[in-house]
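Spelled out, the chains give:
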Amino acid sequence: MEHRTETDFLGSRRIPAEALYGINALRARENFPDSTVFHEEWYRAMGLVKQACYLTASSYYKALEQKLGSAMPAIRRVPVPVLEAITEAAREVSAGQHVAHFIVPAISGGAGTSINMNVNEIIANVALLKLGFNPGNYSEVDPTEHANIFQSTNDVVPTALKVAVMLLLNDLEKSVNRLRGGFEALEGRYRDNLRIGYTQMQEAVPSSYGKLFSNYSDALSRDWWRVSKCFERIKVVNLGGSAIGTSVAVPRFFVMEVTKQLQHLTGLPVTRGENLSDTTSNLDAFVEVHAIMKALAVNLEKIVNDIRLLASDIAGARLKLPQLQAGSSIMPGKVNPVIPEFVISAAHQVYANDALIAGLCAQGCLDLNAYLPLIGHALLGSLKLLVASCNTMLTNMISGLEVDTTASLDQLLRSPAIATALTPYIGYHKATEVALLMKPGHKGILEINSEMKLLPAEKLEEILKPSNLLKAGYTINDLS
């Protein structure tokens, strides 16, 4: 294999001749022996941010020429052919091309400098190839002088992270809403099908599957609303703020225009922070957004735990889950509730990520947070897990879920839970007597009522109608 030699102020390294990465990325891979793969969504977002920077730089040069004409002074400037080439290279990065040459792992030190420089090296080397030069010929296109024009790691990398988060939030918002719709459909289908309601895992009062599924639909409605509000929390970026938000060494034109360009490119509601130093040094927006992710994970875990329990043999399998895969290598015919187990596992990863994000965001020191790479990795990981959880719940669980309505009704009519519905008519103590008689599970309420002459048969039938058991309280007319 042929190699080229690249040099920085620390020394030299041999790099495969055709590699699009350079010495900065190679040093990062040597220094950070982590095998966790960097999220491609963040890599693509870096390409979008770089495009915005290059297009804004081009507008800046044109504005200067129009204003100053022949009196324009010598300034740090990227030649037009180079600017066009790196802009096209950045577009390719945003499309996910060349990702194999991004070799920085997910966990790294340096506040994201390695992330930025690896992307800069890819852009510079792709541009070199477009201009007819070999990779590594940085005298023509330089990763820092050209690909990093008017930028700092500390504004480009967090801005790209926020772009990646917003794009995934779009996916999450849709997936939560689709899942909510799935439960809403179940709610309508089983609205009047009665079941036992439980408290402390004990039979408690009459309820219905419609009520149960409405609980999940409403919880997901709140999650949907909360996720939609995340855009307000995450949209403020520090692009143009340079190293610590003071915009040192950056043209004011660039500071004012680059976020608008990014908004145009992405169609996202990104907006420049009023205090770029605050946006650079404080990462509480990530903590807040991930807390909303955690709330969704809590609801998903609660939902699948309930469904797994009701579908279990212990509970008499009142719910029937789709059979998706063989559940054992030794127990014949066994099928496990794998979707609930996946979602519970994903939820607990989100909880772990939440603690990590909170702890590392608090580790920001003075003007910068050095732990952005892992913060971003955890946040994007949670988003992707939650999107996957919602999607598989809908496709592989909710869409094929069935309720054994006949067995559920029979179970309710033989359960002490039904006695609670009789207390307005026969009193608490008499209802307790009924419940104790039903405890062994041998007699149903109709049989006991016939023996004890508690209520006229037609009155009991009226009380046991779903419309009466499920309505909001009783009226004086019900007692007459």
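Residues numbered from 1 in each chain as written. Predicted model: local features only at pLDDT ≥ 70, side-chain atom pairs only at ≥ 80, totals over all residues. Heavy atoms only, no water.

Notes on the pattern of salt bridges
- This structure, assessed with the given rule, holds 20 salt bridges.
- In this structure, E88 engages R91 in a salt bridge whose closest nitrogen and oxygen atoms are separated by 2.8 Å. In this pair, E88 and R91 are both assigned in helix α3 (residues 80–94), 3 residues apart and thus about one turn of the helix distant.
- Across the salt bridge formed by K302 and D306, the nearest N and O atoms sit 2.5 Å from each other. (Salt bridge = Lys/Arg side-chain N within 4 Å of Asp/Glu carboxyl O. Helix = DSSP H or I, 4+ residues; strand = E, 2+ residues; numbered from the N terminus.)

Observations concerning helix α15 (residues 445–452)
- Listing the buried residues of α15 in full gives I445, I448 and N449. Looking down the long axis of α15, one finds its buried residues gathered within 100 degrees of arc, a one-sided arrangement.
- Of the residues one or two after α15, K453 is the one with positive phi, at around 55 degrees. (Buried < 20%, exposed > 50% of the residue type's maximum accessible area, 1.4 Å probe, protein only. Arc of directions from axis to C-beta.)

Here we look at the packing of helix α2 (residues 40–68) against helix α4 (residues 113–130)
- α4 packs onto α2 with a crossing angle of 65 degrees between their chain directions and a minimal axis gap of 11 Å. Between α2 and α4, the crossing angle belongs to the class labelled roughly perpendicular. Pair α2 / α4 crosses with right-handed handedness. Facing W42, Y43, M46, K50 and Y54 of α2, the residues of α4 in contact are I115, N116, V119, N120, I122 and I123. (Axes fitted to C-alpha atoms, helices over the stretch in contact; angles between N-to-C directions. Parallel < 35°, antiparallel > 145°, perpendicular 65-115°, else oblique. Left-handed = near helix turned anticlockwise from the far one by under 90°. Contact = heavy atoms within 4.5 Å.)

Considerations on the packing of helix α6 (residues 209–234) against helix α9 (residues 284–310)
- The contact between α6 and α9 brings their axes to 10 Å, and the two run at 165 degrees. By the angle between their axes, α6 is roughly antiparallel relative to α9. The handedness of the crossing between α6 and α9 comes out as left-handed.
- Residue composition of the contact of α6 with α9, grouped by class: 18 nonpolar, 1 polar and 6 charged. (Nonpolar A, V, L, I, M, F, W, Y, C, P; charged D, E, K, R; others polar.)

Points about the pairing of strand β3 (residues 194–199)
- As judged from the 6 bridges shared by β3 and strand β4 (residues 202–208), these two strands associate in the antiparallel manner. Note on β4: the bridge partner recorded for T199 is Q202.
- In textbook terms, the turn of a hairpin is the stretch between consecutive antiparallel strands, and for β3 and β4 this stretch comprises 2 residues, one of which, Q200, has a positive phi near 50 degrees. (Pairing = 2+ DSSP bridges.)

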